[in-house]
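So you can see what is in the structure, the chains are spelled out below.
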2 protein chains.
Amino acid sequence: MDHLETRQLRYFVAVAEEQHFGRAAHRLGMAQPPLSRAIRDLERHLGVQLLVRTSRRVALTPAGQVLLDEARIALDAVATAGNRTRHAGQEVPALRLALKADHDAGLLPRILDAYDVLPVELLLGGYGEQLAALHDGRADVALLTTPFDERGIDSEPLVTGPRLVAMAASDPLAARTGLRLVDLTGRLLPYGTPAEKGLPTPPFDHHEPLDHSQIFSLIEVGAAVWFLPVWLAERFDRPGIAYRPVEGLEPATLTVAWPARSRLAAVATFVRTVQQIAGDTATYDNPAPVGHPV
Amino acid sequence: MDHLETRQLRYFVAVAEEQHFGRAAHRLGMAQPPLSRAIRDLERHLGVQLLVRTSRRVALTPAGQVLLDEARIALDAVATAGNRTRHAGQEVPALRLALKADHDAGLLPRILDAYDVLPVELLLGGYGEQLAALHDGRADVALLTTPFDERGIDSEPLVTGPRLVAMAASDPLAARTGLRLVDLTGRLLPYGTPAEKGLPTPPFDHHEPLDHSQIFSLIEVGAAVWFLPVWLAERFDRPGIAYRPVEGLEPATLTVAWPARSRLAAVATFVRTVQQIAGDTATYDNPAPVGHPV
DNA sequence: ATCGACCGATACCCTGCTGATATGGATCAT
DNA sequence: ATGATCCATATCAGCAGGGTATCGGTCGAT
C-alpha cells in the first residue's frame with residue numbers, strides 16, 4: 001500500500017467536477033490520455049471503481065463521491081500547509097484580513113486604527129473568496145456577511161441590518177410600498193448571497209461574477225434587481241438607483257470569522273477589537289428606505 | 001507557484017521529527033542525498049527556510065514548526081481520503097469499530113448483539129491506535145478511555161469508574177490502605193494513560209509498548225506497578241496480582257468517540273445503542289478493592 | 001440504416017524527476 | 001592533529017508521467 005499523492009487527487013477532482021476527461025485535461029493543462037491513465041491507476045491503487053464511463057458521459061460511483069468530498073478537504077489542508085508556512089517565513093509578521101470591498105459596514109477605518117498588535121494586510125476578493133482564503137491559510141481572519149458555510153469556521157456577529165432591494169429609480173415597483181419577494185420573481189441577479197435560490201433569474205448568460213460597477217449598471221437600466229445589506233446600499237446611494245425594504249427578506253449580519261483551528265493570539269485580539277468597535281456603532285434597528293425619489 | 005506534493009511533506013515530517021537527515025532517510029527507506037535535495041527544493045519552492053543545519057544538528061525554524069504541524073494535518077487528511085474511499089468501495093458496507101482489547105468494560109458482546117444496522121468490523125489496536133484510526137478514516141467509531149486528545153473528535157461518555165493500581169500481591173504496599181500517588185514514585189510503567197507524566201518511571205529500556213501479558217508479568221514479579229480502570233482489573237483478576245485504590249487518582253471514563261466531521265447515520269445509531277446499553281449497566285460508584293489477599 | 005461527431009482507452013515514445021553512489025567540506029571529540 | 005560524523009554537491013541510471021497518434025464504441029442527424 002503506497003501513498004496517495006496530491007497530483008492524483010487534483011486530477012480526480014478535476015474529472016469529477018467536469019464529468020468529462022477532455023475538459024478536465026484542458027483545465028489541468030495536459031492531454032487527455034495521461035489523465036485517463038492516471039485515473040485508472042488511482043482506481044487500481046485504491047482497489048475501488050470511482051467513475052462509471054460510458055462513451056457519452058462520466059458519472060461518479062458512491063466511492064467516487066466519497067473521494068471527491070475527502071479529496072477537496074485534503075487538498076485544502078495541503079494548500080493550507082503551504083500558505084501558512086510561506087506566511088510564517090515572512091520577516092514582518094502581519095495579520096491577513098480578507099474582506100469584500102465595501103462590505104465592512106464602514107468599520108474598516110476604525111478597525112485598522114484601533115488594532116495595533118500587528119500590521120494588517122488586506123486581502124480584497126470577490127464573492128466567496130474570503131471563505132476560501134480562511135480555509136487554505138491565505139488569511140488569518142475575515143469579515144463575512146451571513147449566511148455562509150460555517151463548517152470549520154468560528155465567527156462572532158458584529159452588525160445586523162436589513163437587506164434591501166436595489167432597483168432602477170424609474171422602476172414602477174420603486175413607487176410601491178410593501179414589496180414582497182414574489183414581486184421580484186425572475187428579475188433577481190444570481191450573484192451575491194445565494195439565499196433565494198428558488199427564484200428564477202433574468203435571462204443573462206453571464207457565468208462570470210459581475211463586479212459592483214457592472215451590477216449597478218444593470219440595475220440602473222432596469223435590467224435586474226439585486227438584494228444587498230443596508231450598509232452596502234449606503235455606499236452606493238446615487239441617482240438612478242432606489243433601495244426599498246422587502247417583506248420577508250432575511251436581514252444580513254456582518255461577522256468576523258476565523259479558522260476554527262486557529263489559536264493565534266493576534267486573531268483573538270483582533271476579534272475583540274472589532275467587536276468593541278461594532279458595539280460602539282449605531283445599529284440598523286429601524287431602517288428607513290434610502291435612495292432618491294423617482 | 002506550483003503545487004505541494006505529499007511526498008515532500010512526508011519527507012519533511014520525517015526530517016523534522018528525527019532532527020537528522022540520515023535517520024530520516026533510513027526511516028523513509030531511501031538514501032540521504034536525495035532527501036537533502038528534496039528538502040532544499042521544498043524550501044526553495046516555499047521561499048522559506050525550514051531547517052537550520054549545522055553539521056552537528058538540525059533544528060526547526062519557526063516556519064518549519066508551522067509546516068510540521070500543518071503537514072501532519074494535511075497528511076492525515078490525505079490518508080483519510082484514501083481510507084474512507086477504500087471502505088466506501090467495499091461491496092458489503094460495515095461499521096468499523098476501533099477499540100483496545102479488554103477495554104470495553106464488558107459492554108462489547110451486548111453492543112454487537114444490539115446493533116444490527118450494519119455488520120460491525122472490529123479493529124483491535126494498541127495504545128493510541130484507536131484515535132489514529134478515527135483520524136485517518138480507518139475507523140468510523142471507537143471506544144476510548146479518558147483522557148484523550150479531543151481535537152477533531154466528538155464523544156459521549158458511557159461508563160465512569162475508578163482507576164486502581166496493579167501491583168504484585170506480595171508487595172508490601174499491597175497490605176497497606178490509603179495508598180497515595182507519591183507512594184508509587186519511580187515504579188510506574190510509562191505505558192497506558194500518560195496522565196502522571198511528572199512521576200519518574202522504572203529503569204527499563206523498553207521503548208516499544210508492552211502488551212498486557214508482558215505488563216502483568218512485570219507487575220507479578222514486582223518490577224513495576226500500573227494504573228488501570230477497574231473494568232480492566234476485573235478481566236485480569238488472578239493470583240499474584242493485587243489491585244488497590246489510590247487516593248487522588250483520577251477516575252477513568254469509557255467513551256464512544258467518532259470523527260467530528262462524521263455525519264454517518266450508522267454512527268449516530270451506534271452511539272445511541274451503546275449509550276442505551278451503558279445506561280442499563282451497573283456503575284462503579286462504590287468501588288471495593290478487588291484482588292486476592294496476600 | 002448509415003455516417004459522422006464525440007469521447008474515452010490504448011499504444012508508443014520521450015523527457016525529466018527521483019533515487020543511488022561517490023565524494024567534498026565543515027564541525028566536534030579525543 | 002586526526003578521525004568520526006553529518007549534510008551538501010556532483011553525477012548517473014531508471015522509470016514515472018506527459019505527449020502524439022489512433023482505435024473502438026455510442027449517439028444523433030439525415
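Just above, that's the structure.
Rules and cut-offs
- Residues numbered from 1 in each chain as written.
- Chains lettered and ligands numbered in written order.
- Predicted model: local features only at pLDDT ≥ 70, side-chain atom pairs only at ≥ 80, totals over all residues.
- Heavy atoms only, no water.
- Salt bridge = Lys/Arg side-chain N within 4 Å of Asp/Glu carboxyl O.
- Helix = DSSP H or I, 4+ residues; strand = E, 2+ residues; numbered from the N terminus.
- Buried < 20%, exposed > 50% of the residue type's maximum accessible area, 1.4 Å probe, protein only.
- Near = heavy atom within 4 Å.
- Polar contact = N/O pair within 3.5 Å; in protein donor to acceptor, adjacent residues only side chain to side chain.
- Contact = heavy atoms within 4.5 Å.
- Buried area = accessible area lost by both parts, 1.4 Å probe.
- Nonpolar A, V, L, I, M, F, W, Y, C, P; charged D, E, K, R; others polar.
- Phe/Tyr/Trp six-rings, centres within 6.5 Å; stacked < 30°, edge-to-face > 60°.
- Lys NZ or Arg CZ within 6 Å of the ring centre and 35° of its normal.
- Least-squares fit on C-alpha atoms with pLDDT ≥ 70 in both.

Caption draft 1: Spotlight on the pattern of salt bridges. Residue and element names in this part refer to chain A. Summed over all chains, the structure comprises 28 salt bridges over all chains. With its nearest N and O atoms 3.0 Å apart, the salt bridge here joins Arg53 to Glu43. Linking Arg53 in strand E1 (residues 51-53) with Glu43 in helix H3 (residues 32-46), this pair joins segments that are ten residues apart in sequence. In this structure Arg53 comes out as partly exposed when scored by relative accessible area, which is 37%. Its relative accessible area of 12% is what places Glu43 among the buried residues. For Asp140, the salt bridge is made with Arg96, and the minimal N-O distance between the two is 2.8 Å. Taken together, the residues span a long stretch of sequence, with Asp140 in the loop between helix H6 (129-135) and strand E5 (141-145) and Arg96 in strand E3 (residues 95-99) at a distance of 44 residues. For the pair shown, Asp140 and Arg96 are each scored as buried. Residues joined by salt bridges that share partners form a network here, namely Glu17, Glu18, Arg23, Arg27 and Arg72.

Caption draft 2: Looking closely at the protein's contact with DNA strand C. By nearness alone, 22 residues border DNA strand C, and Arg53(A), Tyr11(B), Ala31(B), Arg37(B) and Ser55(B) come closest of all. In DNA strand C, the atoms that sit within 4 Å of the protein are 63% sugar and phosphate, with bases accounting for the remainder. At 3.0 Å from a base nitrogen of DNA strand C is found a side-chain nitrogen or oxygen belonging to Gln32(A). For the surface near DNA strand C, the elements supplying multiple residues, two or more each, are helix H2 (21-28) and H3 of chain A together with helix H1 (6-18) and helix H3 (32-46) of chain B.

Caption draft 3: How the structure looks around the interface of chain B and chain A. Each partner contributes residues to the interface: chain B has 30 residues there, and chain A has 30 residues. Carbon and sulfur atoms make up 64% of the area that chain B and chain A hide from each other, which totals about 2,600 Å². Applying the counting criterion to the chain B and chain A interface returns six salt bridges. For Glu70(B), the salt bridge identified is with Arg84(A), shortest N-O distance 3.0 Å.

Caption draft 4: Broad picture of the protein's contact with DNA strand D. What surrounds DNA strand D is a group of 22 residues, the closest being Tyr11(A), Arg37(A), Ser55(A), Ser36(B) and Arg53(B). For DNA strand D, the backbone makes up 60% of the atoms found within 4 Å of the protein, where backbone means sugar plus phosphate. Take Ala31(A): an N or O atom from its main chain is 2.9 Å from a phosphate oxygen of DNA strand D. Here Gly22(B) contributes a backbone N or O atom positioned 3.4 Å from a phosphate oxygen of DNA strand D. Within the surface near DNA strand D, the residues separate by chemical class into eight nonpolar, seven polar and seven charged.

Caption draft 5: Up close: the packing of aromatic side chains. On inspection of all chains with the given rule, the structure shows four aromatic pairs over all chains. Seen from their ring centres, Tyr115(A) and Phe270(A) are 5.1 Å apart, and the 80 degrees between their planes marks the pair as edge-to-face. Taken together, the residues Tyr115(A) in the loop between helix H5 (108-114) and strand E4 (120-124) and Phe270(A) in helix H10 (residues 265-279) connect sequence positions 155 residues apart. What makes Phe270(A) buried here is its relative accessible area of 0%. Note on Phe216(B) and Trp226(B): the rings are 6.1 Å apart at their centroids and 90 degrees apart in plane angle, and the pair reads as edge-to-face. You can see Phe216(B) sitting in helix H8 (residues 212-220) and its partner Trp226(B) sitting in strand E9 (residues 226-229), a full ten residues away along the chain. Of the two residues, Phe216(B) and Trp226(B), neither departs from the other in class, the shared state being buried. Among the aromatic side chains, those forming a connected cluster through ring pairs are Phe216(B), Trp226(B) and Phe236(B). Over the aromatic face of Phe216(B) sits the side chain of Arg238(B), whose NZ or CZ is 5.3 Å from the ring centroid.

Caption draft 6: Just the relation of the copies chain B and chain A, in detail. Of the transformation superimposing chain B on chain A, the axial component is 0.0 Å and the angular component is 180 degrees, with the fit at an RMSD of 0.1 Å. Taken together, these values place the two copies in the relation of a two-fold axis. Interface overlap between copies: 100% of the residues of chain B at the interface are likewise at the interface in chain A, consistent with a symmetric, same-surface contact.

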